[in-house]
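Coordinate analysis (summary)
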Amino acid sequence: SQQGEEDPQALSIQEGENATMNCSYKTSINNLQWYRQNSGRGLVHLILIRSNEREKHSGRLRVTLDTSKKSSSLLITASRAADTASYFCATDAKADSWGKLQFGAGTQVVVTP
Amino acid sequence: EPEVTQTPSHQVTQMGQEVILRCVPISNHLYFYWYRQILGQKVEFLVSFYNNEISEKSEIFDDQFSVERPDGSNFTLKIRSTKLEDSAMYFCASRGEGTQYFGPGTRLLVL
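My aim in this report is to walk through the structure given alongside it, one point at a time. Computed from a prediction, not measured in an experiment: that's the story for all the values here.

Turning our eyes to something else, we now look at the overall build of chain B. A count of helical and extended segments in chain B gives zero helices and 11 strands. Put simply, chain B runs from its N terminus to its C terminus through helices and strands in the order β-β-β-β-β-β-β-β-β-β-β. In terms of C-alpha radius of gyration, chain B reaches 13 Å, essentially the compact-globule figure of 13 Å for 111 residues. With respect to the three principal axes, the spread of C-alpha positions in chain B is 40 × 25 × 25 Å. Among the 111 residues that make up chain B, the fraction classed as buried is 48%. Considering only contacts in chain B between residues 6 or more positions apart, those separated by 24 or more positions represent 52%. Total accessible area on chain B stands at roughly 5,700 Å², and carbon and sulfur atoms take up 46% of it. Distance from the positive charge centre (10 side chains) to the negative charge centre (14 side chains) of chain B: 3 Å.

All right, on to the interface of chain B and chain A then. Chain B puts 22 residues into the contact, and the matching count from chain A is 22 residues. In total, about 1,700 Å² of surface goes out of reach between chain B and chain A, with carbon and sulfur atoms giving 54% of it. For the pair chain B and chain A, the interface holds two salt bridges. Between A:Lys100 and B:Glu56 there is a salt bridge, with the nearest N and O atoms lying 2.7 Å from each other. Remark: the boundary between chain B and chain A carries 11 residue pairs in polar contact (both at pLDDT 80 or more). The residue inventory of the side of chain B that touches chain A, partitioned by class, reads 10 nonpolar, seven polar and five charged.

Quick look at the pattern of salt bridges now. For the coordinates displayed, the defined rule picks out five salt bridges over all chains. Of the charged contacts, one joins A:Glu5 and B:Lys42 as a salt bridge, the two residues approaching to 2.8 Å between their closest N and O atoms. Taken as a pair, A:Glu5 in strand 1 (residues 5-7) and B:Lys42 in the loop between strand 4 (31-37) and strand 5 (43-50) lie in two separate chains rather than in one. Since its relative accessible area comes to 29%, A:Glu5 is described here as partly exposed.

Analysis parameters
- Residues numbered from 1 in each chain as written.
- Chains lettered and ligands numbered in written order.
- Predicted model: local features only at pLDDT ≥ 70, side-chain atom pairs only at ≥ 80, totals over all residues.
- Heavy atoms only, no water.
- Helix = DSSP H or I, 4+ residues; strand = E, 2+ residues; numbered from the N terminus.
- Rg over C-alpha atoms; globule rule 2.2 N^0.38 Å.
- Buried < 20%, exposed > 50% of the residue type's maximum accessible area, 1.4 Å probe, protein only.
- Contact = heavy atoms within 4.5 Å.
- Areas by Shrake-Rupley, 256 points an atom, 1.4 Å probe, with all protein chains shown as cover.
- Lys, Arg positive; Asp, Glu negative; His and termini not counted.
- Charge placed at Lys NZ, Arg CZ, Asp CG, Glu CD.
- Buried area = accessible area lost by both parts, 1.4 Å probe.
- Salt bridge = Lys/Arg side-chain N within 4 Å of Asp/Glu carboxyl O.
- Polar contact = N/O pair within 3.5 Å; in protein donor to acceptor, adjacent residues only side chain to side chain.
- Nonpolar A, V, L, I, M, F, W, Y, C, P; charged D, E, K, R; others polar.

Here it is as structure tokens:
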């Protein structure tokens, strides 16, 4: 079954540095979405990128999508301590008519002051 | 900004008891979902709901689970006879323009 798989599993950086995490998936998609989850809390939607898009920006976030490689990356620039969280990619597969999302295991990001 | 809300935030129940988790999706959305996340694991899809009926369900969503939209705003997930392994965070989501917006979750603990 299709999955989004994030890499790395964990990332530790200093405030002000950039954080990059990657997501790979297996089948054709309608879109790919990135979410943030603070420990034990809800999923906050960050950005959606459609299959016909290659790059999107939102504030300090930059997402790329390479459908030929079935991969996406999320870049957080100038990270802050408040960016400490788990980040998940989730795919909406073309084969699924009803839009269910399949999540990866996530990347745990720790930003130290 | 509109948001998905869920109640209760926490629920503790005894094994074998019935629980109902409640969600209020974003008002103009038409597609609704339940997911769950067992502690330390991935978020897993349970069920999708459209036009007042289940459109898709996962293997997890067995006969012990049911969903309802009893009125124009609420969307509920019922677990008829809870098991220990049902302990998880349950998320409701609603979809508009492709983006799925998640509620804050209900943390269910089955003892």
